[in-house]
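The primary structure of each chain is shown beneath.
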Amino acid sequence: VKQDLAEIESRKQAYQSSKGAIDISTHSQLLMKSATETSKEIGDVDIQLSALNEVEKYLKDKQFSGDITPSTVGLKDAALPELVSKLREKELEYTNMSKTVAENHPMVSALKDQINKLKPQLLESINNQRKTLEASKLNLNSTNNSLASVLQTIPQKERDLIDISRQQVLKSNL
């Protein structure tokens, strides 16, 4: 990433020297900043959607075992990580207890019932969050497209410099 950033900075300097593009207008800078922020927000939404997909896959694919719990890092809703943690705790209890107690024991059955009740709650929470995030992403993409249209009206030299500067900001943030 550092090498990419250095390369972009060199491209920017070379472009400014060769094309005589010294500075970009304040309006263009604001547009670039908005486009960069919108792109970052879209990336954040994509990370959250990916985390939701991993949790959903974990819930649908696994039976009580020693599987590693998927990461909920990046999710903004605190309820889902709590539910995942609670589910994992119950699954560990179930796994440990089923090693020493018969499957039909009331405590094992009770844990299994608790686990089976938590999963639908988690799946519903995932679906609700996914809907919210997808709606947010649609709005962000619409905003991004609008900004791109406005940026297309800027003269070519200035637009090229904005594109290079935007890449520089994105790489720098990474």
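Up top is the structure these notes are about.
**Q** For this particular structure, what's the right way to read the nonpolar core?
**A** The tendency in soluble globular proteins is for nonpolar side chains to be buried side by side. Counting residues in each nonpolar core, the largest one holds 23 residues, and the members touching the most others are Leu52, Leu59, Leu80, Leu87, Leu122 and Ile126. Those elements that provide at least two residues to this core are α2 (26-61), α3 (79-100) and α4 (106-152). Aside from chain neighbours lying at most four places away, what touches Leu87 is Tyr58, Leu59, Ile115, Leu118, Lys119 and Leu122.

**Q** How should I be thinking about the pattern of salt bridges in this particular structure?
**A** Once the charged atoms of two side chains with opposite charge are near each other, the side chains can pair. One pass over the structure, following the stated rule, counts six salt bridges. In this structure, the salt-bridge partner of Lys137 is Asp46, at a minimum N-O distance of 2.5 Å. Residue Lys137 is located in helix α4, and its partner Asp46 is located in helix α2; the two are separated by 91 residues in the primary sequence. Here Arg130 makes a salt bridge to Glu56, at a shortest N to O gap of 2.9 Å. Linking Arg130 in helix α4 with Glu56 in helix α2, this pair joins segments that are 74 residues apart in sequence. Here Arg130 falls in the buried class, since its relative accessible area comes to 13%.

Procedures and definitions
- Residues numbered from 1 in each chain as written.
- Predicted model: local features only at pLDDT ≥ 70, side-chain atom pairs only at ≥ 80, totals over all residues.
- Heavy atoms only, no water.
- Core = buried A, V, L, I, M, F, W, Y, C linked by side-chain atoms within 4.5 Å.
- Buried < 20%, exposed > 50% of the residue type's maximum accessible area, 1.4 Å probe, protein only.
- Helix = DSSP H or I, 4+ residues; strand = E, 2+ residues; numbered from the N terminus.
- Contact = heavy atoms within 4.5 Å.
- Salt bridge = Lys/Arg side-chain N within 4 Å of Asp/Glu carboxyl O.

By themselves, these observations are geometric and do not establish any function.
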